[in-house]
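Structural overview
Chain residues, written in single-letter form:
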Number of protein chains: 2
Amino acid sequence: MKAHIHITLKKGVLDPEGKAIGNALGSLGFDGVDGVRKGKYITLDIAEADEDKALKQVTQMCEKLLANTVIEDYAIKLEA
Amino acid sequence: MKAHIHITLKKGVLDPEGKAIGNALGSLGFDGVDGVRKGKYITLDIAEADEDKALKQVTQMCEKLLANTVIEDYAIKLEA
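Residues numbered from 1 in each chain as written. Chains lettered and ligands numbered in written order. Predicted model: local features only at pLDDT ≥ 70, side-chain atom pairs only at ≥ 80, totals over all residues. Heavy atoms only, no water.

Things to note about the pattern of salt bridges
Side chains that differ in sign of charge can pair as their charged atoms come close. Residues and elements named next belong to chain A. In this structure the tally under the stated criterion is eight salt bridges over all chains. Two residues, Lys38 and Glu17, come together in a salt bridge whose shortest N-O distance is 3.1 Å. In this pair, Lys38 is assigned in strand S2 (residues 33-46) and Glu17 in helix H1 (residues 16-27), connecting sequence segments 21 residues apart. Lys40 serves as the salt-bridge partner of Glu72, at 3.5 Å between the closest nitrogen and oxygen. Within this pair, whereas Glu72 is found in strand S3 (residues 72-79), its partner Lys40 is found in strand S2, the two being separated by 32 residues in sequence. Taking the relative accessible area as the measure of exposure, Glu72 reaches 11% and is therefore buried. What makes Lys40 partly exposed here is its relative accessible area of 27%. (Salt bridge = Lys/Arg side-chain N within 4 Å of Asp/Glu carboxyl O. Helix = DSSP H or I, 4+ residues; strand = E, 2+ residues; numbered from the N terminus. Buried < 20%, exposed > 50% of the residue type's maximum accessible area, 1.4 Å probe, protein only.)

Some remarks on the sheet that holds S2 of chain A
Backbone-to-backbone hydrogen bonds pair the strands of a sheet. The strands run either parallel or antiparallel. Taken together, six strands build an open sheet; the order of strands is S3(A)-S1(A)-S2(A)-S2(B)-S1(B)-S3(B) and the sheet is antiparallel. The strands lining the two open edges of the sheet, one partner per strand, are S3 of chain A together with strand S3 (72-79) of chain B. Across this sheet, the average inter-strand angle for adjacent strands is 20°, counted without regard to direction. Where S2 of chain A lies against strand S2 (residues 33-46) of chain B, 11 bridges are found, and the strand directions are antiparallel. In the strand pairing of S2 of chain B, Lys40 of chain A is matched with Lys40 of chain B. Each of S2 of chain A together with S2 of chain B touches helix H1 (residues 16-27) of chain B; the most contacted strand, S2 of chain B, lies at about 125° to it. (Pairing = 2+ DSSP bridges. Axes fitted to C-alpha atoms, helices over the stretch in contact; angles between N-to-C directions. Contact = heavy atoms within 4.5 Å.)

So, the relation of the copies chain A and chain B
Once chain A has been moved 0.0 Å along the axis and rotated by 180°, it coincides with chain B to within an RMSD of 0.0 Å. The transformation relating the two chain copies, once decomposed into turn and shift, fits a two-fold axis. If distances are taken from each C-alpha of chain A to the rotation axis, the shortest is found for Lys40 of chain A, at 2.4 Å. When the interface residues of chain A are mapped onto chain B, 100% of them again lie at the interface, so the same face is used by both copies. (Least-squares fit on C-alpha atoms with pLDDT ≥ 70 in both.)

Brief notes about the interface of chain A and chain B
Chain A puts 30 residues into the contact, and the matching count from chain B is 30 residues. Among the residues chain A hides against chain B, the three largest losses belong to Phe30, Tyr41 and Leu65 of chain A. Together they make up 21% of the total. The interface formed by chain A and chain B contains zero salt bridges. In this assembly, chain A and chain B are joined by nine residue pairs in polar contact (both at pLDDT 80 or more). (Buried area = accessible area lost by both parts, 1.4 Å probe. Polar contact = N/O pair within 3.5 Å; in protein donor to acceptor, adjacent residues only side chain to side chain.)

With respect to the side chain of Lys38 of chain B
Of the residues examined, Lys38 of chain B reaches a relative accessible area of 19% and is grouped as buried. Reaching out from Lys38 of chain B, the side chain makes a polar contact with the side chain of Glu17 of chain B at a distance of 3.0 Å. The contact partners of Lys38 of chain B, leaving out residues within four places of it in the chain, are Lys40, Tyr41 and Ile42 of chain A together with Asp15, Glu17, Gly18 and Ile21 of chain B.

Here we look at the side chain of His6 of chain B
Mapped onto the elements, His6 of chain B comes out in strand S1 (residues 2-9). Under the relative-accessibility criterion, His6 of chain B is labelled buried at 14%. Side-chain polar atoms of His6 of chain B contact the side chain of His6 of chain A, separated by 2.5 Å.

Thoughts on helix H2 (residues 51-66) of chain A
Helical periodicity: at 3.6 residues per turn, an α-helix aligns residues three or four positions apart in one direction. The first and last C-alpha atoms of H2 of chain A sit only 20 Å apart over 16 residues, clearly below the 22 Å expected at 1.5 Å per residue. Regarding H2 of chain A, the residues found buried are Ala54, Gln57, Val58, Met61, Cys62 and Leu66 of chain A. One side of H2 of chain A holds all its buried residues, which, seen down the axis, span an arc of 145°. Projecting away from the buried face of H2 of chain A at angles above 90 degrees are the exposed residues Asp52, Lys53, Lys56 and Lys64 of chain A. Its buried side turned inward, H2 of chain A meets strand S1 (2-9), S2 and S3 of chain A together with H1 and S2 of chain B. The N-terminus of H2 of chain A is capped by Asp50 of chain A, whose side-chain oxygen sits 3.3 Å from the backbone nitrogen of Asp52 of chain A. (Expected span 1.5 Å × (residues − 1). Arc of directions from axis to C-beta.)

Structure below.
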């Protein structure tokens, strides 16, 4: 089973990298760009075939390693 | 209009960061995890309301700044 994990900074947490991207886009002449936020996108394959168990396992991975839950949110999508 | 951009390493390009995440998950006791790949997930708001023009603009952003098209693929999703 394939898991798609999006890790994003929580609302209100400053995103200097996103800000830098926004500034760079501005200097390249892209106008009207706002609210740039940069997150992580992790994909992985897990051997677990049961969807509920797989979701539990990937949630554990996010809580323990992948996301810093103090400042980051995560979203998991599973694909058979 | 909101743009969601996924930037991932092309197939066949080594992903040392993904490899490190896979190893770390293994040491934490998560078995059966394979093929970890780490990409970027960028969201931004653009003033352009026309979907075709917005897609063209975001494609340009990816080509010129956001993605390194030699080793990375990008996917754009627009949301009104």
